[in-house]
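Letter by letter, the chains look like this.
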Amino acid sequence: MYTQGLNSNDSAPAAAEDAGKLARFQAKCDAEDKIEPNDWMPGAYRKTLVRQISQHAHSEIIGMQPEGNWITRAPSLRRKAGLLAKVQDEAGHGLYLYSAAETLGIAREEMYEQLLSGKAKYSSIFNYPTLSWADIGAIGWLVDGAAIMNQIPLCRCSYGPYARAMIRICKEESFHQRQGYEIMLTLCRGTAGQKEMAQDALNRWWWQSLMMFGPSDKDSIHSADSFRWKIKRFSNDDLRQRFIDATVPQGHYLGLTFPDPKLRFDAATGHWQHGEIDWSEFKRVLSGDGPMNQERMAHRRRTEADGAWVREAALAHAEKRRQRAAAARQAAE
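Residue positions within a chain follow its written sequence, with the count starting from 1. Reporting in this predicted model follows two pLDDT cut-offs: at least 70 for local features of residues, and 80 or more for side-chain atom pairs to be given and counted; totals over whole chains, interfaces and linings ignore these cut-offs and use all residues. With hydrogens and water set aside, each side-chain value is computed from the structure's full complement of heavy atoms.

Visitor: What am I meant to see in unusual backbone geometry here?
Guide: A negative phi angle characterises most non-glycine residues, just as the trans form characterises most peptide bonds. Notably, E32 is not glycine yet its phi reads approximately 65 degrees, a positive angle. Labels follow the DSSP assignment, with helices taken as runs of H or I lasting at least four residues and strands as runs of E lasting at least two, numbered in each case from the N terminus. Structurally, the position occupied by E32 is in the loop between helix 1 (19–30) and helix 2 (43–62). Among the residues examined, E32 registers a relative accessible area of 42% and is labelled partly exposed. Even without glycine at this site, K230 takes up a positive phi of about 65 degrees. If you trace the backbone, K230 turns up in the loop between helix 9 (223–228) and helix 10 (236–254). Note on K230: relative accessible area 16%, which makes it buried. Think of it in three bands: with a 1.4 Å probe and only protein chains considered, a residue is buried below 20% of the maximum accessible area for its type, exposed above 50%, and partly exposed in between.

Here it is, written out as structure tokens:
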């Protein structure tokens with residue numbers, strides 16, 4: 001979900017770096033020591049992290065939209081409060097991650113501009129519509145479930161600020177996943193129409209949740225370095241398999257069926273086998289041709305413009321406080 005940017009090519013050739021520094025850096029990674037912002041790091045390591053962390057942050061911010069428009073339409077006050085808390089968490093995740101990326105030398109304003117200009121990528125799954133309340137349950141159960149599977153290894157990422165941010169994010173994502181599954185369970189224990197709504201949501205979100213892990217690492221030009229630098233711990237295919245093995249029994253407990261006629265349990269391997277994923281759909285949506293790409297970005301740009309007066313007022317207030325403090329210091333002298 002948050003490593004799709006690793007599959008993109010770098011246009012500029014890497015500059016030669018000091019062999020001794022590279023060896024010491026790699027030794028630190030091998031020893032499982034954290035790399036901190038003031039430590040020396042290879043340019044490619046820094047660039048990979050900026051790409052991955054900023055994309056992760058963008059995904060959290062855009063990911064608020066599919067659920068945000070259901071806050072006022074949630075079926076009870078309890079559901080409204082729970083969904084509002086979740087959307088709030090996602091905003092916080094984006095801020096943690098932008099802060100972590102800033103420690104690598106990129107300005108937050110630059111990351112915002114990359115997102116608003118359409119130059120930055122974010123998770124393709126947030127470009128699908130939420131058609132019913134069951135979609136909110138499916139997103140929590142499947143999308144956040146996949147996010148947890150992807151993100152828990154990042155708590156051991158070699159870059160300290162990213163790893164520390166992920167500890168809190170994973171705890172909150174775990175709450176989101178349980179919240180989503182509880183919504184699905186309630187629907188499946190309700191009327192026939194409610195269970196049908198839950199089944200429809202599973203049908204529409206299942207394949208998209210499998211795509212969140214990204215294509216196989218054999219197709220990535222950056223995975224080898226990411227493994228070597230301890231940014232990445234497991235392959236996309238391994239994480240996807242773990243997610244399927246954990247999620248399919250949960251769906252069967254709900255009494256739902258998965259939209260994959262080739263899904264079967266292989267007793268020899270102890271894993272659930274699945275059908276082919278349509279990666280052309282993934283690439284199409286990631287490139288900006290998804291059902292909600294334009295709407296999501298238009299909403300984000302509109303929100304950015306509508307909030308300009310708040311940012312201007314905050315900066316003006318901060319400047320006034322600075323001037324008052326300077327005047328007080330001068331008076332004291």
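Back to the text.
Visitor: What am I meant to see in the packing of aromatic side chains here?
Guide: The relation between two aromatic rings is expressed through the spacing of the ring centres and the mutual angle of the planes. Only the six-membered ring of Trp is used, alongside the rings of Phe and Tyr, when aromatic pairs are assigned; centres must lie within 6.5 Å, and planes under 30 degrees apart are stacked while those over 60 apart are edge-to-face, with the rest tilted. Counting across every chain of the model gives twelve aromatic pairs. Plain terms: the ring middles of Y128 and W205 are 6.3 Å apart, the flat faces sit at 70 degrees to each other, and that makes the pair edge-to-face. Pair noted here: Y128 is in the loop between helix 5 (108–117) and helix 6 (133–151) and W205 is in helix 8 (residues 192–211), with a separation of 77 residues, a long-range link. Every member of this aromatic cluster is reached through a ring pair, and the members are F25, W40, Y45 and W229. Over the ring of W70 we find R73; its NZ or CZ atom is 3.9 Å from the centre of that ring. In our convention, an over-ring charge means Lys NZ or Arg CZ found within 6 Å of a ring centre and within 35 degrees of that ring's normal. Taking the ring centre of F234 as reference, the NZ or CZ of R242 above it sits at 4.1 Å.

Visitor: Could you clarify how one ought to interpret the packing of helix 4 (residues 77–102) against helix 6 in this entry?
Guide: Two numbers describe a pair of packed helices, the interaxial angle and the distance between the axes. Axis definition: a line fitted to C-alpha atoms, over the contacting stretch in the case of helices. Angles run 0 to 180 degrees between N-to-C directions. Packing of helix 4 against helix 6 leaves a shortest axis separation of 13 Å and a crossing angle of 45 degrees. Comparing the axis directions of helix 4 and helix 6 gives the class oblique. Note that helix 4 runs across helix 6; the crossing there is left-handed. In this structure, helix 4 contributes R79, L83 and K86 to the contact, and helix 6 contributes W133, I136, I139, G140 and D144. Residues of the contact of helix 4 with helix 6, tallied by class, amount to four nonpolar, one polar and three charged. Angles are sorted into four bins: roughly parallel if under 35 degrees, roughly antiparallel if over 145, roughly perpendicular if 65 to 115, and oblique for all others. Here a crossing is taken to be left-handed if its near helix is turned anticlockwise relative to the far helix by less than a right angle, and right-handed if that turn runs clockwise. Whether two residues are in contact is decided by their heavy atoms, any of which lying within 4.5 Å being enough. Residue polarity is assigned by list, with Asp, Glu, Lys and Arg as charged and Ala, Val, Leu, Ile, Met, Phe, Trp, Tyr, Cys and Pro as nonpolar; anything else, Gly included, falls into the polar class.

Visitor: Mind showing me how you'd approach the nonpolar core here?
Guide: For soluble globular proteins, the rule of thumb is that nonpolar side chains tend to be buried together. Core analysis: the largest hydrophobic core is formed by 77 residues, its most contacted members being Y45, L49, I53, Y159, Y162, W205 and W206. Of the residues forming this core, the biggest block, eleven residues, is contributed by helix 7 (residues 160–188). Not counting chain neighbours up to four residues away, the residues in contact with W205 comprise I125, Y128, P129, T130, D135, A138, I139, L142 and V143. In this description, a nonpolar core means a group of buried Ala, Val, Leu, Ile, Met, Phe, Trp, Tyr and Cys residues linked to one another through side-chain atoms lying within 4.5 Å.

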